[in-house]
Amino acid sequence: MSAVRTVLGDVRPGDLGVCDAHDHLFFGSPLLPGQELRGAAAARAELTAFREQGGGAVVQWTPYGLGRRAADLPALSRETGVHVVAATGLHQAAHYDEDTLTRLRGRLADVFVAELTDGIGTSGVRAGLVKVAGGFHALDAHARWTLAAAAEAHHATGAPIAVHLELGTGALDVLDVLCGEREVPPHRVVLGHLNRSPDLVTHRQAAGTGCYVAFDGPSRAHHATDWRMPDAVRALADAGFGDRLLLGADTTTAAARSVNGGPGMPYLLRRVRPRLVQAVGEDLVRRILTENPGRAFGTEWRR
């Protein structure tokens with residue numbers, strides 16, 4: 001039976017409710033000094049604000065070594081009534097020191113599998129997806145290494161794989177590796193940040209493989225602006241790919257949290273949702289926020 005692996009245990013895909021399919025409760029990287037998401041109180045407040053807008057589930061894409069604080073996630077989920085899905089995986093090399101990467105050589109897939117099945121560290125919290133990353137219009141050796149490990153972990157466990165696309169690029173290269181070379185079924189792959197590259201042809205090509213396409217995060221100064229996103233969603237829906245779409249807020253810095261004056265998780269439901277309702281109708285937006293995430297992150301776990 002298909003299930004979504006949350007930090008409180010496996011749940012039925014239909015029980016997620018309204019889902020933020022890509023976000024972060026905790027996150028820290030040397031690429032974003034001074035903007036770490038570390039405080040449990042702030043994470044609780046953000047989840048509560050999301051819940052007050054009708055939110056029911058958040059998929060945290062924070063991977064290995066970037067401050068996941070897995071042990072804190074179950075209490076936050078129970079206290080706020082929001083399902084939380086944690087991630088294993090590895091980001092781009094620039095987010096890590098060389099010692100960390102060296103320690104993972106030759107055993108990366110084993111780490112992913114252990115975190116999906118036994119738990120993250122000593123927390124006992126099991127991850128519900130593998131998060132890895134591509135590069136800007138290309139895949140370097142690090143990306144190919146992590147994609148191969150993610151595919152191995154998928155074949156061992158059934159876990160879905162979520163991929164950070166740098167500025168929304170490289171989607172087809174990622175699919176060539178995961179689904180072509182590594183034989184991961186496309187419906188087990190989620191491609192993130194397609195909103196940052198408003199290439200409608202590539203969007204259709206990617207969705208046409210059967211993978212999930214995520215539009216996640218309000219625009220930043222160097223990203224494609226929000227006003228393009230409804231047109232991209234409509235184009236995919238008109239092409240018959242409404243069931244492949246996911247939405248997320250992707251809050252990666254303290255300043256971006258709603259409790260600190262930024263858009264944060266509630267923005268997805270407070271502003272993005274009504275904008276999309278005008279573009280494609282309430283029924284499709286409801287399905288994008290509820291039914292699609294359950295299918296994308298629900299799987300028949302092998303372990």
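Residues numbered from 1 in each chain as written. Predicted model: local features only at pLDDT ≥ 70, side-chain atom pairs only at ≥ 80, totals over all residues. Heavy atoms only, no water.

> Explain the overall build of the protein chain to me, and be specific about the residues and the numbers.
From N to C terminus, the protein chain includes eleven helices and twelve strands. Taken over the C-alpha atoms alone, the protein chain extends approximately 50 × 40 × 40 Å along its principal axes. Contacts in the protein chain between residues far apart in sequence, at least 24 positions, make up 77% of those at least 6 positions apart. (Helix = DSSP H or I, 4+ residues; strand = E, 2+ residues; numbered from the N terminus. Contact = heavy atoms within 4.5 Å.)

> Before we move on, can you summarise unusual backbone geometry with the specific residues and values?
Not every positive phi belongs to a glycine, and Arg69 is a case in point at roughly 50 degrees. Counting through the fold element by element, Arg69 comes out in the loop between β4 (55-60) and α2 (73-80). Judged by relative accessible area, Arg69 falls into the partly exposed class, the value being 36%. Positive phi, close to 50 degrees, is recorded for Asp250, a residue that is not glycine. Among the structural elements, Asp250 can be located in the loop between β11 (245-248) and α9 (264-280). (Buried < 20%, exposed > 50% of the residue type's maximum accessible area, 1.4 Å probe, protein only.)

> Tell me about the nonpolar core, and name the residues and values.
Counting residues in each nonpolar core, the largest one holds 76 residues, and the members touching the most others are Val130, Val163, Leu178, Leu191 and Phe215. Among the elements that make up this core, the one with the highest residue count is helix α5 (residues 141-157) (seven residues). With residues up to four places along the chain from it excluded, the contact list for Leu191 reads Val163, Leu165, Ala171, Val174, Leu175, Ala206, Cys211, Tyr212, Val213 and Ala214. Counting residues in hydrophobic clusters, the runner-up holds 18 residues, among them Val4, Val11, Cys19 and Ala57. (Core = buried A, V, L, I, M, F, W, Y, C linked by side-chain atoms within 4.5 Å.)

> I'd like a rundown of the sheet that holds strand β8 (residues 161-164), residues and numbers included.
Strands pair in a sheet through their backbones, by hydrogen bonds, and they do so in one of two ways: parallel or antiparallel. Taken in spatial order, the six strands make up an open sheet running β6-β7-β8-β9-β10-β11, and their pairing is parallel. Either end of the sheet is taken by a strand with one partner, and the two such strands are β6 (87-89) and β11. When the angles between neighbouring strand axes are averaged without regard to direction, this sheet yields 30 degrees. Examined bridge by bridge, strand β7 (residues 129-133) and β8 share four bridges and lie parallel to one another. Bridged to Val130 within β8 is Ile161. (Pairing = 2+ DSSP bridges. Axes fitted to C-alpha atoms, helices over the stretch in contact; angles between N-to-C directions.)

> I'd like a rundown of helix α4 (residues 108-117), residues and numbers included.
In terms of burial, α4 is a largely internal element, eight of the ten residues being buried. When we look at burial in α4, the residues that qualify are Leu108, Ala109, Val111, Phe112, Val113, Glu115, Leu116 and Thr117. Check the buried side of α4 and you find it contacts β1 (3-6), β6, α3 (98-104), β7 and α5.

> Kindly report on the pattern of salt bridges, identifying the contributing residues and their values.
Across all of its chains, the model carries 14 salt bridges by this definition. Among the ionic pairs, Glu79 bridges to Arg44, the shortest N-O distance being 2.6 Å. Of this pair, Glu79 sits in helix α2 while Arg44 sits in helix α1 (residues 40-52), and the two are 35 residues apart along the sequence. Across the salt bridge formed by Glu181 and Arg144, the nearest N and O atoms sit 4.0 Å from each other. Of this pair, Glu181 sits in helix α6 (residues 171-181) while Arg144 sits in helix α5, and the two are 37 residues apart along the sequence. A relative accessible area of 40% places Arg144 in the partly exposed class. One continuous salt-bridge network, built from bridges that share partners, spans Asp283, Arg286, Arg287 and Glu291. (Salt bridge = Lys/Arg side-chain N within 4 Å of Asp/Glu carboxyl O.)

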